[in-house]
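Next come the chains, spelled out residue by residue.
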Amino acid sequence: VQRAEPVVIYLPGWRKPTSGARNFAQLPPAARRYIRLIETRLSLPVSMISAGRDRRQLIIRRPAF
């Protein structure tokens with residue numbers, strides 16, 4: 001039986017709301033670092049980021065990966 005071992009990484013959060021962001025550059029710096037960490041750890045680009053509940057708050061990007 002193979003067992004998975006969790007990897008816990010603590011990152012600083014962000015207090016600024018993301019709801020006004022319309023592109024990746026407008027996200028808080030800590031949020032951008034979080035997305036980049038996910039991309040690095042998974043070796044996959046993150047192409048969609050939800051910045052809120054509304055469909056207009058979906059950030060679609062083509063990461064430089």
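As the structure is a prediction and not an experimental result, all values here were calculated from the model.

Caption draft 1: Representation of the environment of leucine 27 within the structure. Mapped onto the secondary structure, leucine 27 falls in the segment before helix H1 (29–42). Sequence spacing of leucine 27 and arginine 62 is 35 residues, and the spatial spacing of their C-alpha atoms is 15 Å. Ignoring anything within four residues of it in the chain, the contact list for leucine 27 reads Thr18, Ala21, Arg32, Ile49 and Ile59.

Caption draft 2: Region of interest: the pattern of salt bridges. Tallied over the full model, the rule gives two salt bridges. Two residues, arginine 61 and glutamate 39, come together in a salt bridge whose shortest N-O distance is 2.8 Å. Of the two residues, arginine 61 is situated in the segment after strand E2 (58–60) and glutamate 39 in helix H1; the sequence distance between them amounts to 22 residues. The exposure classification of arginine 61 matches that of glutamate 39, with both residues buried. Residues arginine 56 and aspartate 54 are paired through a salt bridge, measuring 2.9 Å at the closest nitrogen-oxygen approach.

Caption draft 3: Spatial organisation of the side chain of glutamine 57. Residue position: glutamine 57 is located in the loop between strand E1 (48–50) and E2. Separated by 2.8 Å, the side chain of glutamine 57 and the backbone nitrogen of aspartate 54 make a polar contact. When near neighbours in sequence (up to four residues on either side) are disregarded, glutamine 57 contacts Ser19, Arg22, Ile49, Ser50, Ala51 and Gly52.

Caption draft 4: How the structure looks around the packing of aromatic side chains. Enumeration according to the criterion identifies one aromatic pair in this entry. With a centroid separation of 6.1 Å and an interplanar angle of 45°, the aromatic rings of tryptophan 14 and tyrosine 34 are classed as tilted. Taken as a pair, tryptophan 14 in the segment before H1 and tyrosine 34 in helix H1 lie far apart in primary sequence, 20 residues in all. Across from the ring centre of phenylalanine 24, 3.9 Å away, lies the NZ or CZ of arginine 61, which sits over that ring.

Conventions and cut-offs
Residues numbered from 1 in each chain as written. Predicted model: local features only at pLDDT ≥ 70, side-chain atom pairs only at ≥ 80, totals over all residues. Heavy atoms only, no water. Helix = DSSP H or I, 4+ residues; strand = E, 2+ residues; numbered from the N terminus. Contact = heavy atoms within 4.5 Å. Salt bridge = Lys/Arg side-chain N within 4 Å of Asp/Glu carboxyl O. Buried < 20%, exposed > 50% of the residue type's maximum accessible area, 1.4 Å probe, protein only. Polar contact = N/O pair within 3.5 Å; in protein donor to acceptor, adjacent residues only side chain to side chain. Phe/Tyr/Trp six-rings, centres within 6.5 Å; stacked < 30°, edge-to-face > 60°. Lys NZ or Arg CZ within 6 Å of the ring centre and 35° of its normal.

Remember, this is a structural readout, not a statement about activity or role.
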